Amino acid sequence: RGAFYTFPNVTAFGRSADWLADYLLDEAGVAVLPGTAFGPGGEGYLRLCYANSMENIQIGVARMADALSRLR
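Okay, so let's go over this structure. Within every chain, residues take consecutive numbers counted from 1 along the sequence as written. Local features are withheld for residues below a pLDDT of 70 in this predicted model, meaning they are given only at 70 or higher, and side-chain atom pairs are given and counted only at 80 or more; totals for whole chains, interfaces and linings count all residues. Water and hydrogen atoms play no part in the side-chain values, which are based on all heavy atoms of the structure.

Considering the sheet that holds strand β1 (residues 5-6)
Adjacent strands of a sheet pair through backbone hydrogen bonds, lying either parallel or antiparallel.
Turning to step 1, where the next piece is worked out: Pairing between strands is defined by DSSP: at least two bridges between the two strands are required. Numbering of helices and strands runs from the N terminus; a helix is a DSSP stretch of H or I covering at least four residues, while a strand is a stretch of E covering at least two. The 3 strands are arranged β1-β3-β2 in an open sheet whose pairing can be described as antiparallel. Of all strands in the sheet, those bounded by a partner on one side alone are β1 and β2 (33-34).

Section: the pairing of strand β3 (residues 46-49)
Turning to step 1, where the next piece is worked out: Partly exposed describes any residue whose relative accessible area lies between the buried limit of under 20% and the exposed limit of over 50%, with all areas from a 1.4 Å probe on protein chains only and scaled to the type maximum. Here β3 shows a buried face lined by Leu-46 and Leu-48 and an unburied face lined by Arg-47 and Cys-49.
Turning to step 2, where the next piece is worked out: Sheet topology places β1 next to β3; 2 bridges connect them, and they run antiparallel. Note that in β3 the partner of Tyr-5 across the bridge is Cys-49.
Turning to step 3, where the next piece is worked out: When β2 meets β3, the two strands line up antiparallel, connected through 2 bridges. Along β3, the bridge assignment pairs Pro-34 with Leu-46.

Written as structure tokens, this is what we have:
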């Protein structure tokens, strides 16, 4: 009775949602949607889908964590 999506707030990284989505695709090989794909109120958020195997989710999250840790 729910969706397979999460919409985390990523404003702490100090970059636009569009920039972060491109960065994660280029640097981590993980495709996410910027929140702005759902309107201007989505700035500062990314949409992630977790309709996949636990193994693939863990790999994707680890890749994202590695790429995002390099931004600090």
